[in-house]
Amino acid sequence: MKAVYFTGDLSSVENGLRLLQKKLQFQLDDAGTPIHLIQRDGPLEGQKDVDGITISFAEPTHLFRGLNLLFYHWEKATFSFKEYPQFKAIGPMVDASRNAVPTVQKIKTLLETCSTLGLNQFMLYMEDTYEIPEYPYFGYLRGRYSAAELKEIDDYGHTLGIEVIPAIQVLAHLKNPLKWNFTREFRDTEDILLVDEPQTYLFLEKAIQAVSRPFRTTKIHIGMDEAHQLGLGQFLQKHGLQNRFDLMNRHLAKVLEITNSLGLEVEMWSDMYFRLGSKTGDYYDPDFAIPPEAVASIPDVKMVYWDYYHHQESEYLQLLTHHKELAKPIVFAGGIWTWNGIAPNYSKTIATTQAALAACKKQQISSVYATLWGDDGAETPLDIALYGLQLFAEHQFQEIVTDECVATRFHELQHESAASFLLLDRFDQTPGVAPENPDGSAVSKLILYQDVLMGLYDKTIADWPLAPHYQQLAKELAQCETSDHTAPLFAYYQLVADVLALKTTLGNDLQQAYHDQDKVIGQQLLQQVIQLQQLIDKLRKRHRHLWFTNNKPFGWEILDIRYGGILSRLETAHWRITQWLENDETIAELEETRLPFDGPYPMPEGIIGRNLYHGIVSPSKLSDV
């Protein structure tokens, strides 16, 4: 523990320094080593020599990053650094809407990490996970944040020099709350609000008041993305088909009446304007056409261009140019691929981030987000994003960022191993998947969830040596470098690799043994089923520990149900195989000819497959009319 005291410009950082003593392993002591602070515009600069220690910084998070770096090199007699911030605002958007709602303590820990990397903004994405007192069913049993919890988060971020910004939805992506009867009068489709309906704006007034009140910031992100069926549900029945550009602009104007009354500065996703201007509904369609009168009537908002997909800088430059046609300030949102499945897609994260942020620097974009989505149940633990946060942080302080630079700073500032984190990329960067996993193959998720007796992906994966791939990955994960903080995370993933190594060929092997009526092999495979049952239950418990360490309990029931489904189907498989082995009963599922999986996405060369849970476990419907 280093004993230090600070002199100079302390007013904006004094409280943050007190908070960060444990994180940065120092203690404030008037008898300790003096560090002189100078706050001014310009680069982050530090100097340690015989004359003493000085750090010059423009804002609090820059100082905290500088101290983090200084303390890592504390034993050196002389040390210096100089880094140039590239963006005015940069930080993560954390998804608290896909079942996982991080605890307040977890958000505080992330805020500490962000501040000591030099990131200065933090967006909390809440579709229905905040409290609206007038609507008690909004976020009911979903782990919603109370106003007091949001204020606690905001206070903590403010002390650390981070602007915490609420992000909500005011048009689409509202399937969870719109299932309740209180929304019947202002529901267009199952996930879209009814434009022009007075009850819609009464609801939104209460929602925006409730979510903005706990925060200091005057900024708010209002979503409005992916409203594909806008005006085509109850609205169509009531009013007939109308120009959808007009619907977007009319609704946005009504929302801005509310935000303007509260003095809020609004950001929204830009995609619907481009989708409505595309004949195919494609956000990134180069042949889009937005009528000039529609552009002219767009109210005064910032447009957030989100793109986690393209691998070439030229593509981002072109799309940023397209955004300028909207004549609105542009914010960019990239992605740390925490939503690929049960493991991160770091190949794609790195490729897209390098290209996108290089383009943003050239186009002088001042505000950048790193989205951490949790699609399909937030199966991937949030701490997977730590390496991605380092990547974004280095783009904040370096014009050109190399893999070596990120790895070095990751070790210096987070005391973690880049090589260990990048091992996790190999869960889905497997044989058969194109380099950089451009199509988001989620091989590990497919294998984990698919049925042993009716493996929908068995034919697709049969051509690739995936079992030895996962066996080798498990060995490397067992030997990789971790910290006390990430050791449980890597223990979980080592077990995932063990499960996949055992389960990958089990379905195909069972069908072959049954086809050959080879009961000796069948008996061996039955023992594998028993072993797999034990491993899956152990995996569920390790995953549960990670979840309850970081998230509120709400939402875990979905993953409990998924793990329970695997275990239940393995028990049935055990029974069915035993009936065949002992009584020569048929196993009709194994008599079916396996076909390559087809859908719901195109399957070009270089992708093994990706899907949501319900499309992996069975060709039948989990629940529907």
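Residues numbered from 1 in each chain as written. Predicted model: local features only at pLDDT ≥ 70, side-chain atom pairs only at ≥ 80, totals over all residues. Heavy atoms only, no water.

**Q** Just give me the short version of the overall build of the chain, but keep the residues and values in it.
**A** Looking only at helices and strands, the chain features 25 helices and 16 strands. In terms of overall dimensions, the chain is globule-like: its C-alpha atoms have a radius of gyration of 26 Å, near the 25 Å expected for 625 residues. Oriented by its inertia axes, the alpha-carbon framework of the chain measures out at about 85 × 70 × 45 Å. Considering the chain as a whole, with its 625 residues, one finds that 59% of them fall into the buried category. Long-range contacts, defined here as pairs at least 24 residues apart, represent 76% of the contacts in the chain between residues at least 6 apart. Roughly 25400 Å² of accessible area belongs to the chain as shown, and the carbon and sulfur atoms make up 50% of that amount. Positive and negative charge centroids in the chain, built from 55 and 82 side chains respectively, lie 3 Å apart. (Helix = DSSP H or I, 4+ residues; strand = E, 2+ residues; numbered from the N terminus. Rg over C-alpha atoms; globule rule 2.2 N^0.38 Å. Buried < 20%, exposed > 50% of the residue type's maximum accessible area, 1.4 Å probe, protein only. Contact = heavy atoms within 4.5 Å. Areas by Shrake-Rupley, 256 points an atom, 1.4 Å probe, with all protein chains shown as cover. Lys, Arg positive; Asp, Glu negative; His and termini not counted. Charge placed at Lys NZ, Arg CZ, Asp CG, Glu CD.)

**Q** An account of helix α9 (residues 244-261) is needed here, citing residue identities and associated values.
**A** Helical geometry note: an α-helix holds 3.6 residues per turn, so side chains three or four residues apart project in the same direction. In a regular helix each residue adds 1.5 Å, so 18 residues correspond to 26 Å; α9 covers 26 Å between its end C-alpha atoms and thus fits that length. Looking only at α9, the buried set comprises F245, L247, M248, N249, H251, L252, V255, L256, I258 and T259. Those residues of α9 that are buried lie in contact with α7 (198-212), β12 (219-221), α8 (234-239), β13 (265-269), α10 (271-276) and α11 (292-296). Backbone nitrogen of F245 and a side-chain oxygen of the N-cap are separated by 2.9 Å at the start of α9; the cap is N243. (Expected span 1.5 Å × (residues − 1). Polar contact = N/O pair within 3.5 Å; in protein donor to acceptor, adjacent residues only side chain to side chain.)

**Q** Before we move on, can you summarise the packing of helix α14 (residues 386-397) against helix α15 (residues 403-414) with the specific residues and values?
**A** Where α14 meets α15, the axes come as close as 9 Å, and the angle between the chain directions of the two elements is 110°. The angle between α14 and α15 places the two elements in the roughly perpendicular class. In the packing of α14 onto α15, the handedness of the crossing is right-handed. Two secondary-structure elements touch here, α14 through L386, Y387, Q390, L391 and E394 and α15 through C405, V406, R409, F410, L413 and Q414. For the contact of α14 with α15, the per-class residue count stands at 7 nonpolar, 2 polar and 2 charged. (Axes fitted to C-alpha atoms, helices over the stretch in contact; angles between N-to-C directions. Parallel < 35°, antiparallel > 145°, perpendicular 65-115°, else oblique. Left-handed = near helix turned anticlockwise from the far one by under 90°. Nonpolar A, V, L, I, M, F, W, Y, C, P; charged D, E, K, R; others polar.)

**Q** With reference to specific residues and values, describe helix α23 (residues 556-583).
**A** When the terminal C-alpha atoms of α23 are compared, their 40 Å separation across 28 residues agrees well with the 40 Å that a helix rising 1.5 Å per residue should span. One or two positions beyond α23, positive phi appears at D584, with a value near 60°.

**Q** Let's hear about empty space enclosed by the protein: which residues, and what values?
**A** Counting across every chain of the model gives 2 cavities of 30 Å³ or more. Space inside the largest cavity adds up to approximately 230 Å³. Contributions of two or more residues to the lining of the largest cavity are made by β7 (89-95) and α22 (519-550). Of the residues forming the lining of the largest cavity, the biggest block, 4 residues, is contributed by α22. Taken as a whole, the second largest cavity encloses approximately 40 Å³ of empty space. Considering the residues around the second largest cavity, the lining is formed by D307, Y308, F332, G334, G335, T352, T353, A356, L357 and F392. Those elements giving two or more residues to the lining of the second largest cavity turn out to be β15 (330-335) and α13 (346-362). For the lining of the second largest cavity, the element with the most residues is α13, which contributes 4 residues. (1 Å grid on protein atoms, 1.4 Å probe; cavity = no way out; pocket = protein on both sides within 12 Å on 5 of 7 lines; lining within 4 Å. Points joined across faces, edges and corners; volume = space filled by probe spheres on them.)

**Q** Describe a nonpolar patch on the surface, with residues and values.
**A** Together, Y137, Y140, L141 and F554 make up an exposed nonpolar region whose accessible area comes to about 400 Å². Within the element layout of this structure, Y137 appears in the loop between β8 (121-125) and α5 (147-159). (Patch = residues over 30% accessible without salt bridge, like charges linked within 9 Å, V, L, I, M, F, W, Y side chains within 5 Å. Salt bridge = Lys/Arg side-chain N within 4 Å of Asp/Glu carboxyl O.)

**Q** For the nonpolar core, give the residues involved together with the corresponding values.
**A** Within the largest apolar cluster, 211 residues are counted, with the highest numbers of intra-cluster contacts made by I35, L67, F122, Y273, F427 and Y493. Here this core gets 11 residues from one element, more than from any other, and that element is helix α20 (residues 487-503). Setting aside its immediate chain neighbours within four residues, L67 contacts F6, L17, L24, I35 and I55. (Core = buried A, V, L, I, M, F, W, Y, C linked by side-chain atoms within 4.5 Å.)

**Q** Tell me about the pairing of strand β3 (residues 33-39), and please be specific about residues and values.
**A** Where strand β1 (residues 2-8) lies against β3, 5 bridges are found, and the strand directions are parallel. Bridge pairing in β3 places Y5 opposite P34. Where β3 and strand β5 (residues 52-57) come together, 4 bridges link them in parallel fashion. Paired with Q39 across the strands is F57, a residue of β5. (Pairing = 2+ DSSP bridges.)

**Q** Any chance you could break down the layout of surface pockets for me, citing the residues and the numbers?
**A** The volume enclosed by the second largest pocket comes to roughly 650 Å³. The wall of the second largest pocket is formed by 24 residues, among which K22, K23, Q414, H415 and H485 lie closest to the centre. Across the lining of the second largest pocket, the residue classes break down as 6 nonpolar, 10 polar and 8 charged.

**Q** Mind laying out the environment of E197, listing which residues take part and the relevant values?
**A** Structurally, E197 can be placed in the loop between β11 (192-193) and α7. For E197, a relative accessible area of 15% gives the class buried. If we skip the residues at most four places from it in the chain, E197 touches E185, F186 and K238.

**Q** Quick one: what's the story with unusual backbone geometry, residue by residue and with numbers?
**A** Positioned with a positive phi, N99 is a non-glycine residue whose angle comes to about 90°. Structurally, the position occupied by N99 is in the loop between β7 and α4 (104-117). For N99, a relative accessible area of 17% puts it in the buried group. Even without glycine at this site, E226 takes up a positive phi of about 50°.

**Q** Can you lay out the packing of aromatic side chains for me, pointing to particular residues and giving the numbers?
**A** For the structure on display, the rule yields 43 aromatic pairs. Ring geometry for Y137 versus Y140: centroids 5.6 Å apart, planes at 65°, classification edge-to-face. What makes Y137 partly exposed here is its relative accessible area of 43%. For the pair Y316 and F332, a centre-to-centre distance of 6.1 Å together with 85° between the ring planes defines the contact as edge-to-face. One end of the pair, Y316, is in helix α12 (residues 313-324); the other, F332, is in strand β15, with 16 residues separating them in the sequence. Comparing Y316 with F332 shows no difference in burial state: the two are buried. One aromatic cluster is present, formed by F274, Y283, Y284, F288, Y305, W306, Y308, Y309, Y316, F332, W337 and W339 through successive ring pairs. For the cation-ring pair, K254 lies above Y201, with the distance from its terminal atom to the ring centre recorded as 5.8 Å. (Phe/Tyr/Trp six-rings, centres within 6.5 Å; stacked < 30°, edge-to-face > 60°. Lys NZ or Arg CZ within 6 Å of the ring centre and 35° of its normal.)

**Q** Please provide a residue-by-residue account of the sheet that holds β5, values included.
**A** Judged by pairing direction, the sheet is mixed, and its 6 strands sit side by side in the order β2-β1-β3-β5-β4-β6 without closing on themselves. If you trace the sheet from one side to the other, it starts and ends with β2 (26-28) and β6 (79-83), each paired once. Taken over all neighbouring pairs, the strand axes of this sheet differ in orientation by 25° on average, direction set aside.

**Q** Describe the pairing of β1, naming the residues involved and giving the relevant values.
**A** Bridge count for β1 against β2 is 3 bridges, and the pairing is parallel. Note that in β2 the partner of V4 across the bridge is L28.

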